[in-house]
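Coordinates in review
Now for the letters of each chain:
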Amino acid sequence: MYSQTLFSYLEASAVLVCALSGMMKAAEKRMDIVGTFSLAILVAFGGGTIRDLLLNRRPFFWVEHEQYLFIVMIMCIAFVYRPSFFKVAGLLFRRSNTIDAAGLALFTLSGLIAALNSGIPFLPAALIGVITGVAGGVLRDVVVNEIPVIFRPGGLYAVAAFAGCGVLFACRELNIPTVIGTSISFIVIVGLRLLSVYFGIALPNPHWSDEKLNNK
Amino acid sequence: MYSQTLFSYLEASAVLVCALSGMMKAAEKRMDIVGTFSLAILVAFGGGTIRDLLLNRRPFFWVEHEQYLFIVMIMCIAFVYRPSFFKVAGLLFRRSNTIDAAGLALFTLSGLIAALNSGIPFLPAALIGVITGVAGGVLRDVVVNEIPVIFRPGGLYAVAAFAGCGVLFACRELNIPTVIGTSISFIVIVGLRLLSVYFGIALPNPHWSDEKLNNK
Amino acid sequence: MYSQTLFSYLEASAVLVCALSGMMKAAEKRMDIVGTFSLAILVAFGGGTIRDLLLNRRPFFWVEHEQYLFIVMIMCIAFVYRPSFFKVAGLLFRRSNTIDAAGLALFTLSGLIAALNSGIPFLPAALIGVITGVAGGVLRDVVVNEIPVIFRPGGLYAVAAFAGCGVLFACRELNIPTVIGTSISFIVIVGLRLLSVYFGIALPNPHWSDEKLNNK
């Protein structure tokens, strides 16, 4: 069993980071404050809501933690009308890959831990983790009419999330304290994702080589 | 507590109005009767199904009220093969904004009332209301490959729905009879939406002003 | 009541056939192994997950049948890295209509039978069947940014699924053994779909005739 405290921290960080990822996509698309807030909510709450549906957890985490809604709303207002707040915290606009990777990692781990705590065996639990992790990004990209990252070739994304699930599970089997295990998994997911983005690491993809054949 | 009768009327009107909104989008896209029916069903039942999932209400409202299915089916047949029926009722094709606004208002209020009746506090209840209200339109636009209205800048949409939720809540706190409170909220949502569409009222959107900076 | 064995066979075939349909779409879009696996999982598990949500069945069928995940994973690896395995089984790439039609039929029947076994009356049960049948394809097309087949004019698709539901129901009322009734329904759905694709059978669509009027 993973402690409720660890889980709450994971979830809160995931919500904040994913809300930020939604806001940045909204800024890219020139959305107004409502579009920005809606997209932030969709990305921040989408994955966790699917997790809660899959695990039959009620009330939904955003009913239980009403404060998330307030915080995301305040973040959105600051983001749209006072973007300097966010620029202080670093060149965030240039760092959307890091933000996305952190959101992926945090929600994947929150989904995996919630599933394991519900007594689900490892493989389906990892699937629920990966779904929780990628769902926010998939929803975000679908509503702005882009093909979600997970379906674009190149760049480890779901693989990174799945690898992190494996690491968390291995740490548990080795009786490594859960906080340390979770941290290692987080670093593995973010690290794999960023390495693949910046060094162009991709899975071998035979479909590319026979392009000529198929384009006829 | 809001009475079941009021809720049933709200829901039935919402289903009919949203079905019509789906049919009009289907006509715009030249869909055949099945596409039209599927889109009408998706718009008419999508928001309410998400509401029932979020509130864990079973059976789904369209299992409980089988007649909705029949009515929407007959409406679709008439709409596709006897469009004159609909033209009699006014220049509906030119009034899609009004139809959409009414559907938004009706489903938002049905979601809000269902949530409040389940004992959910106001802010998450309003979120469930707004989600119920906008979900049909989001699903409709996503499946026909358009960016949903809620994410397009300009025109109060989710804001109108949220304002209506606030009005309903204020009316309840002031002990105004529920039928009157619901009617006022309905008028507020539809009015705000139509005012914003016809007079170009939009939220201030700083992203538009720095377009040059971002387009480099 | 339909037997659990029949249902399990239907479901397992539906999963395999739909996974294949997802893989073929992924190959068309040049996805790598992860995109292929994700799309295969989305198509293979999407419809059934929505069915389980609608019917409130827990655990989800893919938690109960962990082996599906392994099998789809192995199929994907073979499909991407050893496509010759699949070519042996026939000119699969040219047969995507047959694969899609079989997946539609199998999931529709699995949804219908699960709904009838839950005591839901015929018409909503048929709706759940058709939703289960078409959901995988809708999700598949939405995430790759295409308009789902069900909304494209021409070609019986949802109609075929619905007709199959009617046939199954008629067979039950006539006390025809369930295995035979299910087989007939399967043949009706696949047959209707393929006939409509290859012979261009479509529902009459008045929207096409007044194209000039609307395009002004």
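Residues numbered from 1 in each chain as written. Chains lettered and ligands numbered in written order. Predicted model: local features only at pLDDT ≥ 70, side-chain atom pairs only at ≥ 80, totals over all residues. Heavy atoms only, no water.

Let's talk about the pattern of salt bridges
Here the structure, examined in full by the defined rule, presents 32 salt bridges over all chains. The partner of Asp 141 of chain C in a salt bridge is Arg 152 of chain C, with the nearest N and O atoms 3.7 Å apart. One end of the pair, Asp 141 of chain C, is in helix 7 (residues 122-143); the other, Arg 152 of chain C, is in the loop between helix 7 and helix 8 (158-173), with 11 residues separating them in the sequence. Overall, Asp 141 of chain C belongs to the buried group, its relative accessible area being 0%. On the accessibility criterion, Arg 152 of chain C (36% relative accessible area) is partly exposed. A salt bridge links Glu 146 of chain C to Arg 152 of chain C, with the shortest nitrogen-to-oxygen separation between them at 3.9 Å. It is possible to trace a salt-bridge network through shared partners that takes in Lys 25, Glu 28, Lys 29, Asp 100, Arg 140, Asp 141, Glu 146 and Arg 152 of chain A. (Salt bridge = Lys/Arg side-chain N within 4 Å of Asp/Glu carboxyl O. Helix = DSSP H or I, 4+ residues; strand = E, 2+ residues; numbered from the N terminus. Buried < 20%, exposed > 50% of the residue type's maximum accessible area, 1.4 Å probe, protein only.)

A look at helix 1 (residues 4-28) of chain A
Over its 25 residues, helix 1 of chain A runs 36 Å from end to end, which matches the ideal 36 Å to within 8%, given 1.5 Å per residue. Two residues or fewer past helix 1 of chain A, Arg 30 of chain A is found with a positive phi of approximately 60°. (Expected span 1.5 Å × (residues − 1).)

Focus on the confidence of the model for chain A
Residues and elements named next belong to chain A. Averaged over chain A, the pLDDT score is 84; the fraction of residues at 70 or greater is 89%. For chain A, the element scoring lowest by mean pLDDT is helix 11 (residues 211-215), at 41; helix 8 (residues 158-173) scores highest, at 92. Of the regions scoring below 50 in pLDDT, residues 210-216 engages in 3 contacts with residues more than four places distant in sequence or in other chains. Taken together, the chains of this predicted complex give a pTM of 0.81 and an interface ipTM of 0.76. (pLDDT = per-residue confidence, 0-100. Contact = heavy atoms within 4.5 Å.)

A few points about the nonpolar core
Side chains of nonpolar character tend, in soluble globular proteins, to be buried together. In terms of nonpolar packing, the biggest core is built from 226 residues, with Phe 45 and Trp 62 of chain A, Phe 45 and Trp 62 of chain B together with Phe 45 and Trp 62 of chain C touching the most fellow members. Discounting chain neighbours no more than four positions away, the residues touching Phe 45 of chain B are Val 15, Phe 61, Trp 62, Tyr 68 and Leu 69 of chain B. (Core = buried A, V, L, I, M, F, W, Y, C linked by side-chain atoms within 4.5 Å.)

Concerning the side chain of Lys 25 of chain B
All names here are of chain B. Checked against the element boundaries, Lys 25 lands in helix 1 (residues 4-28). Judged by its relative accessible area of 11%, Lys 25 falls in the buried class. Every residue in contact with Lys 25, bar those within four places of it in the chain, is listed here: Leu 39, Arg 140, Asp 141, Val 144 and Glu 146.

Looking at the packing of helix 8 of chain A against helix 9 (residues 178-199) of chain A
All names here are of chain A. Orientation of helix 8 relative to helix 9, taken along the N-to-C sense of each, is 160°, at an axis distance of 8 Å. The orientation of helix 8 with respect to helix 9, classified from their angle, is roughly antiparallel. Crossing hand, helix 8 versus helix 9: right-handed. Packed against helix 8, whose contacting residues are Ala 160, Ala 161, Ala 163, Gly 164, Val 167, Leu 168 and Cys 171, the element helix 9 presents Gly 181, Thr 182, Ile 184, Ser 185, Val 188, Ile 189, Leu 192 and Arg 193 at the interface. Its residues assigned to classes, the contact of helix 8 with helix 9 shows 10 nonpolar, 4 polar and 1 charged. (Axes fitted to C-alpha atoms, helices over the stretch in contact; angles between N-to-C directions. Parallel < 35°, antiparallel > 145°, perpendicular 65-115°, else oblique. Left-handed = near helix turned anticlockwise from the far one by under 90°. Nonpolar A, V, L, I, M, F, W, Y, C, P; charged D, E, K, R; others polar.)

Looking at the interface of chain A and chain B
With 27 residues of chain A at the interface, the matching set in chain B holds 33 residues. Taken together, the two surfaces of chain A and chain B that pack against each other cover about 2600 Å², and 70% of this comes from carbon and sulfur. On the surface where chain A and chain B come into contact, there are 1 residue pair in polar contact (both at pLDDT 80 or more). In the side of chain A that touches chain B, the residues fall into 19 nonpolar, 4 polar and 4 charged. (Buried area = accessible area lost by both parts, 1.4 Å probe. Polar contact = N/O pair within 3.5 Å; in protein donor to acceptor, adjacent residues only side chain to side chain.)

Some remarks on the environment of Leu 203 of chain C
Mapping Leu 203 of chain C onto the fold places it in the loop between helix 9 (178-198) and helix 10 (206-209). Separated by 105 residues in the primary sequence, Leu 203 of chain C and Thr 98 of chain C place their C-alpha atoms 20 Å from one another. The residues contacting Leu 203 of chain C, other than those within four sequence positions of it, are Asp 32, Ile 33, Val 34 and Tyr 81 of chain B together with Leu 156 and Val 159 of chain C.

A look at the packing of aromatic side chains
Taken as a whole and judged by the stated rule, the model has 15 aromatic pairs over all chains. For Arg 51 of chain A, the ring lying beneath its charged end belongs to Phe 61 of chain A, and the centroid distance is 5.2 Å. (Phe/Tyr/Trp six-rings, centres within 6.5 Å; stacked < 30°, edge-to-face > 60°. Lys NZ or Arg CZ within 6 Å of the ring centre and 35° of its normal.)

What to know about the relation of the copies chain A and chain B
Here chain A sits on chain B after a turn of 120° about the axis and a move of 0.0 Å along it, with an RMSD of 0.0 Å. In short, the pair behaves as if placed about a three-fold rotation axis. In terms of C-alpha distance to the rotation axis, chain A has Asn 145 of chain A as its closest residue, with the C-alpha 3.8 Å off the axis. (Least-squares fit on C-alpha atoms with pLDDT ≥ 70 in both.)

Here we look at the packing of helix 2 (residues 33-55) of chain B against helix 7 (residues 122-143) of chain B
Residue and element names in this part refer to chain B. It is at 8 Å that the axes of helix 2 and helix 7 come closest, and there the two elements cross at 145°. The hand of the helix 2/helix 7 crossing is right-handed. For the pair helix 2 and helix 7, contact is made by Leu 39, Leu 42, Val 43, Gly 46, Gly 47, Gly 48, Ile 50, Arg 51, Leu 54 and Leu 55 and by Ile 128, Ile 131, Thr 132, Ala 135, Gly 136, Leu 139, Arg 140 and Val 143, respectively. By residue class, the composition of the contact of helix 2 with helix 7 is 11 nonpolar, 5 polar and 2 charged.

So, helix 8 of chain C
Between its terminal C-alpha atoms helix 8 of chain C stretches 23 Å, which fits the 22 Å expected from 16 residues at 1.5 Å a residue. When helix 8 of chain C is considered as a whole, its buried residues turn out to be Ala 158, Ala 160, Ala 161, Gly 164, Cys 165, Leu 168 and Cys 171 of chain C. Looking down the long axis of helix 8 of chain C, one finds its buried residues gathered within 165° of arc, a one-sided arrangement. In this fold, the buried residues of helix 8 of chain C make contact with helix 2 of chain B together with helix 6 (96-117), helix 7 and helix 9 of chain C. Asn 175 of chain C, located one to two residues past helix 8 of chain C, shows a positive phi value of around 60°. (Arc of directions from axis to C-beta.)

Let's talk about the interface of chain C and chain A
In this assembly, 26 residues from chain C lie in contact with 30 residues from chain A. Both faces considered, chain C and chain A share a buried interface measuring about 2600 Å² in area, 70% of it formed by carbon and sulfur atoms. For chain C, the biggest contributors to the area lost against chain A are Arg 30, Asp 32 and Val 143 of chain C; these three give 26% of the whole. Summed over the shared surface of chain C and chain A, the result is 0 salt bridges. Mapped onto the side of chain C that touches chain A, the elements with two or more residues apiece are helix 2 (33-55), helix 3 (61-64), helix 4 (67-81) and helix 7 of chain C. No other element matches the 8 residues that helix 2 of chain C contributes to the side of chain C that touches chain A. Looking at the side of chain C that touches chain A residue by residue, the class counts come to 18 nonpolar, 4 polar and 4 charged.

Focus on the side chain of Ser 38 of chain A
Its place among the elements puts Ser 38 of chain A in helix 2 (residues 33-55). A relative accessible area of 14% means that Ser 38 of chain A is categorised as buried.

Details of the relation of the copies chain C and chain A
Aligned on chain A, chain C shows an RMSD of 0.0 Å; the corresponding rotation is 120° and the shift along the axis is 0.0 Å. Of the residues that chain C buries at the interface, just 12% are likewise interface residues in chain A, meaning the two copies contact each other through different surfaces.

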